[in-house]
Number of protein chains: 2
Amino acid sequence: MKAKNLESRISSVDTLIERKKEEKRKRLLDAAYTCFTEHTISGTSIAEICAEAGIAKGTFYLYFKDKEDIVRALNKRISYQVLCNIYHSHRKEDFVDHAVRMASELIHYFEKDHEVVALMKKDFVWPIDEEGFVTCDDPMMIDIRNDIDAYAAKSGLSSHQILVRVYALICMIYSVCYSSIIDHFPSELSQVKPEIDAMIRSSLAPSKKV
Amino acid sequence: MKAKNLESRISSVDTLIERKKEEKRKRLLDAAYTCFTEHTISGTSIAEICAEAGIAKGTFYLYFKDKEDIVRALNKRISYQVLCNIYHSHRKEDFVDHAVRMASELIHYFEKDHEVVALMKKDFVWPIDEEGFVTCDDPMMIDIRNDIDAYAAKSGLSSHQILVRVYALICMIYSVCYSSIIDHFPSELSQVKPEIDAMIRSSLAPSKKV
C-alpha cells in the first residue's frame, strides 16, 4: 500500500514537472513571437526573448539550442495551428475538392496576415513529433492519415505518394504566397491562385491505372 | 571637341565608379557566404562579414539594409548561378522533358551540396532585376522567356500561366529538398523524386482546350 502511494506520488510529481516545463517552453515561444513580430528575427537577441518571457537566460538553453532552433519550433507551432484551422472545415468533401478548398483558405489567411508571412518566410514545418507521421497520435494527424488512406484506396495512388504530394503542395503554397506578398513576384495572389488550384487538381488526380 | 572629350572622360569615370561599387558588393557577398557556411547565419554578425571582406562597417550599409538583406541578395545570386548551371543543358528537348530534367539536376546538386541547402533554406529567389521579368535583359532570362513563349504557343497555356507554374514548381523543389535533406521528411529524396516528376508533368501538361 505504501509502495503504491509512493509510486503515485512520484508519478504526480513527474506530471507536475512535465507541465511546468511545457509551460515555460510555451512562454518562451510566445515571447519569441512577440519579439520577432515587433523587431524582426535578426533584430531580436536570445536575451530579449528571455526578458520578454521573464525567464533566466540559462534556462533558454534547456529548451532550445539557439535562435534558429526557436524560430523553427515557432514555425512548427504556427504550421500546426494554421493546419488545424483549415483542415476540419469541409472535411466531408471529396479529397481533391477539400485540398483545393484548404489551399484557398490558406491563401486567404496569408492575405489577411502579412505579419505571419514575414515571420515564417517559406518555412512550413509539417507538425509531427519525433516518432514521425505514422505513429503520431495527435487527433488531427490521425484524421489526415485516415483521409489519405481512404483516398489511396480509390485513387490508385499509394498513401506515401499522396502524403509526399500533399506536403509538396503545401510547401509550394507557402513559398508562392511569401514571394507574391513580400516580393510581388510572380504576380498578385489573385492571379496566382487559379494556377495553384490547377496544379493541386492535376497533382492529386487519380492515377491512370485506376 | 573639348566638350566631347570631357563627356567621354566623365563617362569612363562613371564606369570606373560603377565597377568599383560592383566589386565591393561582390566582396561583401563572397565574405557573407564564407562566414555563413563556417558559422551559420545567426552565428555571424555584420562586423564579421565586413572584417572578412576587408571593408569598413559603415560601407556595408551603402550596399545592404541589414543582415536579412544580404542573406536574400546571396540567395538571389546562388539561385541565379544554380539556374544558369542547369538551364542550358538539354535545352533543345521538349519543354516539359526539359523541366523534368532540370528538376533532376537540381535535386542532384542539392544532394551533393548540403551546405548550400542549409544556407539557402527554402528560399529560391527568382533572379530578376527590379524592372521585372519582362524587361530583364540577362541572356538566360531572355532564353527562358522565349522558351516559355514558344511553349505557350503550342500548349494552350498562357505565358503567364507557364511562368507562375514553373516558378511554383522550383519553389516546391527547393522546399522539399530542404526538408528531405535536413528534416528527413517526408522521406528520402530518392522516394520523393518520382512524385516531383509526376507533379511537373501534370502541372505543365498542355491545356485540354488544345
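Residues numbered from 1 in each chain as written. Chains lettered and ligands numbered in written order. Predicted model: local features only at pLDDT ≥ 70, side-chain atom pairs only at ≥ 80, totals over all residues. Heavy atoms only, no water.

Colleague: Please set out the overall build of chain A residue by residue, giving values where relevant.
Modeller: Along the backbone of chain A there are nine helices and zero strands. When its helices and strands are written in sequence order, chain A yields α-α-α-α-α-α-α-α-α. Each principal axis of the C-alpha atoms in chain A carries an extent, and together these give about 65 × 50 × 25 Å. Here the contacts in chain A between residues at least 6 apart in sequence split such that 65% fall between residues at least 24 apart. Of note, chain A has its 29 positive side-chain charges centred 4 Å away from the centre of its 32 negative side-chain charges. (Helix = DSSP H or I, 4+ residues; strand = E, 2+ residues; numbered from the N terminus. Contact = heavy atoms within 4.5 Å. Lys, Arg positive; Asp, Glu negative; His and termini not counted. Charge placed at Lys NZ, Arg CZ, Asp CG, Glu CD.)

Colleague: Could you give an account of the domain arrangement of chain A, with specific residues and numbers?
Modeller: Residue and element names in this part refer to chain A. Along its sequence, chain A is carved into domain 1 (1–64) and domain 2 (68–205). For domain 1 versus domain 2, the separation of C-alpha centres amounts to 29 Å. Carbon and sulfur atoms make up 76% of the surface buried where domain 1 meets domain 2, a total of about 1,100 Å² over both sides. Broken down residue by residue, the surface that domain 1 buries against domain 2 is led by Leu29, Tyr33 and Ile41, which jointly contribute 48%. (Domains from an automatic or database assignment. Buried area = accessible area lost by both parts, 1.4 Å probe.)

Colleague: Please provide a residue-by-residue account of the packing of helix H7 (residues 139–155) of chain A against helix H8 (residues 159–183) of chain A, values included.
Modeller: Residues and elements named next belong to chain A. Interaxial distance between H7 and H8 falls to 8 Å at its minimum, and their mutual angle equals 120°. Considering the relative orientation of H7 and H8, their crossing is right-handed. Across the interface between the two elements, Ile148, Asp149, Tyr151, Ala152 and Ser155 of H7 pack against Ser159, Ile162 and Leu163 of H8. Per-class residue counts for the contact of H7 with H8 are five nonpolar, two polar and one charged. (Axes fitted to C-alpha atoms, helices over the stretch in contact; angles between N-to-C directions. Left-handed = near helix turned anticlockwise from the far one by under 90°. Nonpolar A, V, L, I, M, F, W, Y, C, P; charged D, E, K, R; others polar.)

Colleague: So, the nonpolar core: which residues are in play, and what are the values?
Modeller: With 142 residues, the main nonpolar core has Leu28(A), Trp126(A), Leu28(B) and Trp126(B) as its most contacted residues. Discounting chain neighbours no more than four positions away, the residues touching Leu28(A) are Ile49(A), Cys50(A), Ala53(A), Ile55(A), Phe60(A), Tyr63(A), Phe64(A) and Ile70(A). (Core = buried A, V, L, I, M, F, W, Y, C linked by side-chain atoms within 4.5 Å. Buried < 20%, exposed > 50% of the residue type's maximum accessible area, 1.4 Å probe, protein only.)

Colleague: If you had to explain H7(A) to someone new, which residues and values would you point to?
Modeller: All names here are of chain A. In a regular helix each residue adds 1.5 Å, so 17 residues correspond to 24 Å; H7 covers 24 Å between its end C-alpha atoms and thus fits that length. Buried residues of H7: Met140, Met141, Asp143, Ile144, Arg145, Asp147, Ile148, Tyr151, Ala152 and Ser155, and no others. In this structure, the buried side of H7 is in contact with helix H4 (67–87), helix H5 (95–112), H8 and helix H9 (189–204). By the N-cap criterion, in which a side-chain oxygen at the helix start approaches the backbone nitrogen of a residue two or three places on, H7 is capped by aspartate 138, the distance to methionine 140 being 3.0 Å. Taken from the residues just after H7, glycine 156 is the one with a positive phi, measuring 80°. (Expected span 1.5 Å × (residues − 1). Polar contact = N/O pair within 3.5 Å; in protein donor to acceptor, adjacent residues only side chain to side chain.)

Colleague: Tell me about the interface of chain A and chain B, residues and numbers included.
Modeller: The interface is formed by 35 residues belonging to chain A together with 35 residues belonging to chain B. Summing both partners gives a buried area of about 3,200 Å² for chain A against chain B, and 62% of it is carried by carbon and sulfur. Inspection of the region where chain A meets chain B yields eight salt bridges. As a salt-bridge pair, Lys121(B) and Glu68(A) come within 3.3 Å of each other at their nearest N and O atoms. There are 17 residue pairs in polar contact (both at pLDDT 80 or more) connecting chain A and chain B. (Salt bridge = Lys/Arg side-chain N within 4 Å of Asp/Glu carboxyl O.)

Colleague: Outline the pattern of salt bridges, listing residues and values.
Modeller: Across all of its chains, the model carries 20 salt bridges over all chains by this definition. Among the ionic pairs, Asp123(B) bridges to Lys122(A), the shortest N-O distance being 2.7 Å. Linking Asp123(B) in the loop between helix H6 (114–120) and helix H7 (139–155) with Lys122(A) in the loop between helix H6 (114–120) and H7, this pair reaches from one chain into another. Note on Asp123(B): relative accessible area 12%, which makes it buried.

Colleague: Provide a residue-level description of the relation of the copies chain A and chain B, including the pertinent values.
Modeller: The operation relating the two chain copies consists of a rotation about an axis and a shift along that axis. It takes a turn of 180° to lay chain A on chain B, together with a shift of 0.0 Å along the axis; the resulting RMSD is 0.1 Å. One copy is carried onto the other by what is essentially a two-fold rotation axis. Every residue of chain A has its C-alpha some distance from the rotation axis, and the shortest such distance is that of Met172(A), at 2.3 Å. Take the interface residues of chain A: 100% of them recur as interface residues in chain B, which is what a same-surface contact looks like. (Least-squares fit on C-alpha atoms with pLDDT ≥ 70 in both.)

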